[in-house]
Amino acid sequence: MRLTPLFVLLALVVQGCAWCPQPCCSPCAPVCCGGFVDVTRAEPAPPPKPKVFAIGGEKTTWEYLAAKYDKDRDGAVTLAEHGRGEAAFANIDADKDGKVTAADFKGPTRMQQFIAQMTVARYFQTDSNPMALSRSELEAAFTSFDTNEDDDLSEAEFAAARKKVDAATLFGPPPMPKGADPVGSMRATIDTDGSKSFSLAEMKAHFASRDDDGDGMWTMRPPRGGARPPRPQGPAVGTVAPDFTLSPPEGGAPVTLSSFKGKKAVALIFGSYT
Amino acid sequence: MWAKHGDAVQFFVVYIREAHALDGPAPMSGGQHPIVEEPLTLEERNDVAALCMTKLEMEPMPALVDGLDDAVDKAYAAKPDRLYLIARDGTIAYRGGPGPFGFKPGELEQAILKELARTDAPAP
């Protein structure tokens, strides 16, 4: 038996080599030796792709965006740094200055403004018309809630008022969008001096800011530009369910809805995390 | 409901476009609300769907993920959230209202009980 080739073979095995199926002209040829390649010099795995949700404990949207996209750590995320398209960038560049900074997240979000208005419309109604709220109704309701008559609605006063209104309403408080915080939204939108109470002046200013036509009324009406198109209804009861084939998030066999026909009823729960 | 009826009825969470992505038209991120960007690839949407199932403790209920063309969302007018029951004969047995106000699990359960009580449903 020739020892030299055996010695070389054993040395390669100790180094951590494996059989390389590639021909000697392949990229791994320089490290191949007689058909073996040194696996300890294999290409490193690519870095994992960054996720699209907060996993590092970031508490605010700005903290998350800065950690993920502010590569030069200059306190601003540019369109180029962001890299997720102009539409998405425009949605987060609230002040439209061409860069995303902490300042873009200082004020209330559009959803908070909407929820604040819904909450005010709900609790400051004093007549039987739920489709409109007048400035005089707002002021009358405020006066009735302001039990110590200091023109300021404290947390306690407003809590008592909400409890009274909810108790008087047949079906209790209306459901809110998932994760909504009615009082927090009001605080973010209306409590401009950060006092954790709502002054009469702040309430009037909020009313005026949402009174688009300045007529002293909030009314349910179609947006400017014409009536909103009717909302799609979805397939009606008794009609054939639209078929689909979708896959699980973790991978695996796709599922076709019609495969359950004649076997089992199927409950579909549509939704998203946000 | 899934624990009670999961043997007789097949449940699926169908994951669709984010209702309140931080870079969407109606953001509601931070504080108590999850911070999620609108997925641009199916892989990203799969990641968020898997996170959602874990964080909301909905596992091991099976989930399916709609494509980025939102085809199933559109076919069922599902956004932001909605409940349906498909009867054993393949027809719509229950169509819930659009969420959040129309999302009523109690109504879905009533529909399930009615469907399971049917004697004219196709035999498995």
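None of these values were measured; they are calculated from a predicted model.

Novice: Honestly, the overall build of chain A in this entry has me stumped. Any pointers?
Specialist: A count of helices and strands for chain A gives nine helices and ten strands. Per-residue burial over chain A gives 35% buried out of 274 residues. Counting contacts in chain A only where the partners sit at least 6 residues apart, residues at least 24 apart contribute 40% of the total. Accessible area of chain A: about 16500 Å², with a carbon and sulfur share of 60%.

Novice: Teacher, can you tell me more about the overall build of chain B here?
Specialist: Each helix and strand counted, chain B has four helices and four strands in total. Reading the helices (α) and strands (β) of chain B from amino to carboxyl end gives α-β-α-β-α-β-β-α. The burial tally for chain B puts 54% of its 124 residues in the buried class. Within chain B, contacts between residues at least 6 apart in sequence are counted, and of these 44% link residues at least 24 apart. Split by element, the accessible area of chain B, about 5400 Å² in all, is 56% carbon and sulfur.

Novice: Which parts of the structure should I look at to understand the sheet that holds strand 1 (residues 9-15) of chain B?
Specialist: The strands that make up a sheet are held in pairs by hydrogen bonds between backbone atoms, and each pair lies either parallel or antiparallel. As summarised here, the arrangement of the five strands in space is 2(B)-1(B)-10(A)-3(B)-4(B), forming an open sheet in which the pairing is mixed. Whereas interior strands pair on both sides, the edge strands pair on one side only; in this sheet they are strand 2 (63-65) and strand 4 (92-95) of chain B. Adjacent strand axes in the sheet meet at a mean angle of 25°, parallel and antiparallel pairs treated alike. Judged from the seven bridges that link them, strand 10 (residues 265-271) of chain A and strand 1 of chain B form a sheet pairing that is parallel. Paired with A:Val266 across the two strands is B:Gln10, which belongs to strand 1 of chain B.

Novice: I'm lost on the pattern of salt bridges in this one. Help?
Specialist: Opposite charge on two side chains permits pairing when their charged atoms draw close. Across all of its chains, the model carries 14 salt bridges over all chains by this definition. Across the salt bridge formed by A:Arg84 and B:Glu37, the nearest N and O atoms sit 3.5 Å from each other. You can see A:Arg84 sitting in the loop between helix 3 (79-82) and helix 4 (86-92) and its partner B:Glu37 sitting in the loop between strand 1 and helix 2 (42-55), one on each of two chains. The two residues A:Arg84 and B:Glu37 agree in class, both being buried. Across the pair B:Glu44 and A:Arg84 runs a salt bridge, and its minimum N-O distance is 2.9 Å. With one member in each of two chains, B:Glu44 in helix 2 and A:Arg84 in the loop between helix 3 and helix 4 form a pair that bridges those chains. In this structure, B:Glu44 and A:Arg84 share a single accessibility class: buried. Put simply, A:Lys68, A:Arg84, B:Glu37 and B:Glu44 are held in one network by salt bridges that share partners.

Novice: Explanation requested: the packing of helix 5 (residues 110-123) of chain A against helix 9 (residues 200-210) of chain A in the structure shown.
Specialist: A packed helix pair is summarised by two numbers, namely the angle formed by the two axes and the spacing between the axes. Residue and element names in this part refer to chain A. The interhelical angle for the contact between helix 5 and helix 9, taken along N-to-C directions, is 110°, at an axis separation of 11 Å. Between helix 5 and helix 9, the angle falls in the class roughly perpendicular. Judged by the sense of rotation from one axis to the other, the crossing of helix 5 with helix 9 is left-handed. Facing Gln 113, Phe 114, Ala 116, Gln 117 and Val 120 of helix 5, the residues of helix 9 in contact are Met 203, His 206 and Arg 210. Within the contact of helix 5 with helix 9, the residues separate by chemical class into four nonpolar, three polar and one charged.

Novice: Whenever I open this one, the pairing of strand 4 of chain B confuses me. Can you help?
Specialist: On any regular strand, side chains alternate: one points to one face of the sheet, the next to the other face. All names here are of chain B. Direction of pairing for strand 3 (residues 82-86) relative to strand 4: antiparallel, over a ladder of three bridges. Paired with Leu 85 across the strands is Tyr 94, a residue of strand 4. Linking strand 3 to strand 4, which pair antiparallel, is a turn of five residues; within it Gly 90 sits at a positive phi near 85°.

Novice: Even after reading the chapter, I still don't get helix 2 of chain B, so can you show me in this structure?
Specialist: Side chains that are three or four residues apart share a direction in an α-helix, a result of its 3.6 residues per turn. Residue and element names in this part refer to chain B. Taking 1.5 Å per residue as the helical rise, helix 2 with its 14 residues ought to reach 20 Å, and the 20 Å between its terminal C-alpha atoms agrees with that figure. Regarding helix 2, the residues found buried are Glu 44, Arg 45, Asn 46, Val 48, Ala 49, Leu 51, Cys 52 and Met 53. For helix 2, the secondary structure elements touched by its buried residues are strand 1 and strand 2. Note on helix 2: the residue one or two positions beyond its end, Glu 57, has a positive phi of about 55°.

Cut-offs applied
Residues numbered from 1 in each chain as written. Chains lettered and ligands numbered in written order. Predicted model: local features only at pLDDT ≥ 70, side-chain atom pairs only at ≥ 80, totals over all residues. Heavy atoms only, no water. Helix = DSSP H or I, 4+ residues; strand = E, 2+ residues; numbered from the N terminus. Buried < 20%, exposed > 50% of the residue type's maximum accessible area, 1.4 Å probe, protein only. Contact = heavy atoms within 4.5 Å. Areas by Shrake-Rupley, 256 points an atom, 1.4 Å probe, with all protein chains shown as cover. Pairing = 2+ DSSP bridges. Axes fitted to C-alpha atoms, helices over the stretch in contact; angles between N-to-C directions. Salt bridge = Lys/Arg side-chain N within 4 Å of Asp/Glu carboxyl O. Parallel < 35°, antiparallel > 145°, perpendicular 65-115°, else oblique. Left-handed = near helix turned anticlockwise from the far one by under 90°. Nonpolar A, V, L, I, M, F, W, Y, C, P; charged D, E, K, R; others polar. Expected span 1.5 Å × (residues − 1).

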